Amino acid sequence: MENEKLSLPNYNIPEELENVVAITTLDRLYNWGRRSSLWPLTFGLACCAIEMIAAQMARYDMARFGMEVMRPTPRQADMILVSGTVTKKMLPAIIRLYNQMPEPKYVVAMGACASGGGPFKEGYNVVAGIDKFLPVDVYIPGCPPTPQALIAGLIKLQERIDKDSLKKVRWYNKEKKDGNYVPMPILGPDLIDVRRNAEIRDAAATKATQESA
Amino acid sequence: MATPILTQTVDLAARFPGMVTADARPGYTGFIVNKENLLEVATAVRDEFGFDLLSSLTGVDYIAENKMEVVYHAFKTTGGSGLIFKVQVERIDPIEIPSLTHIWHGLEFQEREVWDLYGIKFTDHPDMRRILMWEGFEGHPLRKDWKEAFYEEEVKPYKSRWPEGKHTFAEDKNPFHDNLNFPKDFDPEKYVVDKEEDLYASLERHTMKDEAGKMKTDSVVVNLGPHHPSTHGVLRVAVTLNGETVMGLKPVMGYLHRNHEKIGERSTFTQIIPYTDRLDYFNSMSNNFGYVTTVEKMMNIQVAERAEYIRVIMAELSRVQNHLVFIGMLLNDLGTMFTPALYAFEERELIVDIFEAVSGSRMMCNYYRFGGVVRDVSDEILQKIKDLVFDRLPAKTDEMERLLNENEVLVGRLKGTHVLSAEDAINFSVTGPVLRASGVPYDLRRADPYSIYDRFDFDVAVRHNGDMMDNYLIRFDEIRQSLRILEQALKQIPQGPINSQKPNYQIKVPAGEAYGRIESPKGELGFYIISTGKGNPYRYHVRAPSFVNLTAIEKICIGTKIQDFVALLAMLDIVMGELDR
């Protein structure tokens, strides 16, 4: 991949200076730094977490892509791999972790459950996809995705980072202050998404009384 | 050979006339105990008849008869068949049943689960709170008249999907356009959030005042998890500490409660098999094994001979890789960051390759079917398994032992750190390697043989000190015994069909109940199924070894140091998919 190199391809740098001098743009420097050292949060939810561990082990070795430094604390992590079924009970903890991560931050939904509920979608304690709450950058299909699929997904994330521009990325947007903050959902009689309070109140008021569902 | 059906060896009705009646419903066994006499009968079951291990407790909602039932399965640690007794109560709230936690401590979490999912209160229970759902959740989900937000029909296959297959979005039908269900006229802004005061009140605290009464000291409350690298998934443990010593401890679970049982009761019998894969996601083969043997017991069918061998081979390979991963992860928790896990996963990958070759998936195998297995194992794959079992795995197990067992730090950390005594382990319904490391040779492959385990020559691994070192070493013993079984099975495997039944997607199971159990790598994995003769189970309950073993964590950890707690938790070898279901 040409983006792994820092220098822009249209500048001709003498061979003996290639490791010393680079001519590039600020965007490219920024993206190159980000993509070459993505630190994931050590965060496993369910079955997919086991394949995530397998991907770090000797056979697949995520370290080849600069992703081996799993951080147990969100304050040091660049990306959150939502690896498994998101339940209503767990959701506030996930949102809290996400809000604690410093920007720039990326979200990868690993597996069918995190992407859209998967086989457990009909369950009463299951959130049908983490994208109802977090801005997901890459979805990885599979139940669970194989380590190869996971690594392919993470390379996709790198490709996405390559397209970032300092002017446009959401975390440097001055108008939208706290644009990335996700309000904490509340565990009530069911999961309360506080952004939808009015909608929930209206729907509950018009709900048919005889309906037990 | 068919699995022996649980036979009644004890006649409770004759011993307690007027208090106990035999369960005469067709297809049912066991005894129905009067609610008032439950404590007396249960004490006699343990002390007089010797059923010291109360394996499973669960509720059933007989809504048509307007009754709620609680079913107990008691067994003897010396082996043999079990004793089933039940209590029936009117289905009018509040439903109350005396708690048996004082007789069998292992019931603590299971009774809480029945309260959470069925709304049956157990009087005299030490800590009657919800366990899988949060406090404040509306309703008791496993009741037959409770419907989830994405409810479509009572049972699958849904008419909208089959045979025409006109799909709709579940979100469109729900008034909240999501997987949500609020009571009428609910106002989210006025809702008062539960501050979990009950949880913290249930913890043992340690408050002291100095002589003058001026300076007050209190214990520190620490919440480990649900996001914590050492809790093996999304378990949360609230502990109170005096310095570094654990004073009180309560696990909080349900963060991976995926409604396995509710979905299971909506699904057909065949549709449940892939869901069982996701219980203990390390050992999908063992989970399949437990489920299909239970249903086969109800259908009373023979399993194809070759399939029996394939089943045993896959289940034992699964046990080997589970224990290898356990060793790697335990050492991770002890602070050897990663290196032993790298060794363990190297071997696991080879076993997982075999699973992928036979079933098509590395982890979620969905491989067993009623009457056999789904695909045959080719000679090529058999040769691969033989290479692994005869050459590679014994050498690699020796290598791991050589690298680790004499390590001074490891021995210092593990040796003498007490886990459980035999009496406590039995009383807390602990099963699997943890029970055997306490000196109780209770292995279902011997104690209550299922499938063809009675044909193989192997020893039940047992160790007697009950400390962490024994709990760790017994995993190596079990790997060796599994390899012994594998060697014999690989030599004896016959040619022939792999399924005694014709492929059938809508099997009908005769009406009745059954409790099937197998020795999963983590302990006794039980399935309690009630069929009404239709295509779906009326009640489908999983007795998960991780869930029941965790009941003992409070007993194990109080008084130890917080850093040992992490290792002791790893020792129980819990997996969240099975714990929360």
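Below or above, wherever it landed, is the structure these notes cover. (Residues numbered from 1 in each chain as written. Chains lettered and ligands numbered in written order. Predicted model: local features only at pLDDT ≥ 70, side-chain atom pairs only at ≥ 80, totals over all residues. Heavy atoms only, no water.)

This part takes up the packing of aromatic side chains. All names here are of chain B. Counting across every chain of the model gives 24 aromatic pairs over all chains. Plain terms: the ring middles of Y281 and F282 are 6.2 Å apart, the flat faces sit at 45° to each other, and that makes the pair tilted. Of the two residues, Y281 and F282, neither departs from the other in class, the shared state being buried. Each residue in the set F289, Y309, Y367, Y368, Y450, Y453 and F456 is aromatic and connected to the rest through ring pairs, giving one cluster. For R15, the ring lying beneath its charged end belongs to F16, and the centroid distance is 4.4 Å. Of note, R517 hangs over the ring of F75, and the distance from its end group to the ring centre comes to 3.5 Å. (Phe/Tyr/Trp six-rings, centres within 6.5 Å; stacked < 30°, edge-to-face > 60°. Buried < 20%, exposed > 50% of the residue type's maximum accessible area, 1.4 Å probe, protein only. Lys NZ or Arg CZ within 6 Å of the ring centre and 35° of its normal.)

A cluster of nonpolar side chains, Y11(A), L17(A), V20(A), V21(A) and I23(A), forms an exposed patch at the surface whose accessible area comes to about 430 Å². Position of Y11(A) relative to the elements: it lies in the segment before α1 (26-36). (Patch = residues over 30% accessible without salt bridge, like charges linked within 9 Å, V, L, I, M, F, W, Y side chains within 5 Å. Areas by Shrake-Rupley, 256 points an atom, 1.4 Å probe, with all protein chains shown as cover. Salt bridge = Lys/Arg side-chain N within 4 Å of Asp/Glu carboxyl O. Helix = DSSP H or I, 4+ residues; strand = E, 2+ residues; numbered from the N terminus.)

The subject of this paragraph is the sheet that holds strand β2 (residues 31-33) of chain B. All names here are of chain B. On the basis of which strands lie adjacent, the open sheet formed by 5 strands has the order β1-β2-β5-β4-β3 and mixed pairing. A strand with exactly one partner marks an edge of an open sheet, and here the two such strands are β1 (20-22) and β3 (53-62). Going across the sheet, the axis of each strand differs from the next one's by a mean of 25°, ignoring polarity. Sheet strands touched by helix α2 (residues 38-47): β1, β2, β4 (67-75) and β5 (83-90). Its angle to β5, the strand with the most contacts, is close to 175°. Sheet strands in contact with helix α3 (residues 108-118) are β3 and β4, and its direction is about 10° off that of β3. (Pairing = 2+ DSSP bridges. Axes fitted to C-alpha atoms, helices over the stretch in contact; angles between N-to-C directions. Contact = heavy atoms within 4.5 Å.)

Residue and element names in this part refer to chain B. Where helix α8 (residues 284-299) contacts helix α9 (residues 305-334), the axes come no closer than 8 Å and their chain directions differ by 140°. Considering the angle they form, α8 stands oblique to α9. In this structure, α8 contributes M285, S286, F289, V292, T293 and E296 to the contact, and α9 contributes R311, M314, A315 and S318. Split by residue class, the contact of α8 with α9 holds 5 nonpolar, 3 polar and 2 charged. (Parallel < 35°, antiparallel > 145°, perpendicular 65-115°, else oblique. Nonpolar A, V, L, I, M, F, W, Y, C, P; charged D, E, K, R; others polar.)

With that settled, consider helix α16 (residues 468-492) of chain B. Helix length check: α16(B), at 25 residues, gives a terminal C-alpha distance of 37 Å against a target of 36 Å (1.5 Å per residue), a fit within 8%. For α16(B), a buried count of 20 out of 25 residues is recorded, marking the element as mostly surrounded by other parts of the structure. (Expected span 1.5 Å × (residues − 1).)

A few words now on the interface of chain A and chain B. Taken together, the 59 residues of chain A in the interface contact 62 residues of chain B. Between chain A and chain B, a total of about 5,900 Å² is buried, with carbon and sulfur atoms accounting for 63% of that surface. Ranking the residues of chain A by area buried against chain B places K89(A), E122(A) and Y124(A) at the top, with a combined share of 16%. The closest approach of N and O atoms between E189(B) and R201(A), which form a salt bridge, is 3.4 Å. Where chain A touches chain B, the interface holds 29 residue pairs in polar contact (both at pLDDT 80 or more). At the level of secondary structure, the elements contributing two or more residues to the side of chain A that touches chain B comprise α2 (47-56), α3 (91-100), β4 (186-187), β5 (191-192) and α6 (197-206) of chain A. The leading source of residues in the side of chain A that touches chain B is α6(A), at 8 residues. Split by residue class, the side of chain A that touches chain B holds 33 nonpolar, 13 polar and 13 charged. (Buried area = accessible area lost by both parts, 1.4 Å probe. Polar contact = N/O pair within 3.5 Å; in protein donor to acceptor, adjacent residues only side chain to side chain.)

The subject of this paragraph is the pattern of salt bridges. Residue and element names in this part refer to chain B. Under the counting rule described, the total for this entry stands at 68 salt bridges over all chains. Residue K190 is joined to D187 by a salt bridge in which the shortest nitrogen-to-oxygen separation is 3.5 Å. Take K190: its relative accessible area is 66%, and that puts it in the exposed class. A salt bridge links D398 to R480; the nearest nitrogen and oxygen atoms lie 2.7 Å apart. Of the two residues, D398 is situated in helix α11 (residues 379-404) and R480 in helix α16; the sequence distance between them amounts to 82 residues.

All we've got here are geometric facts, nothing functional implied.
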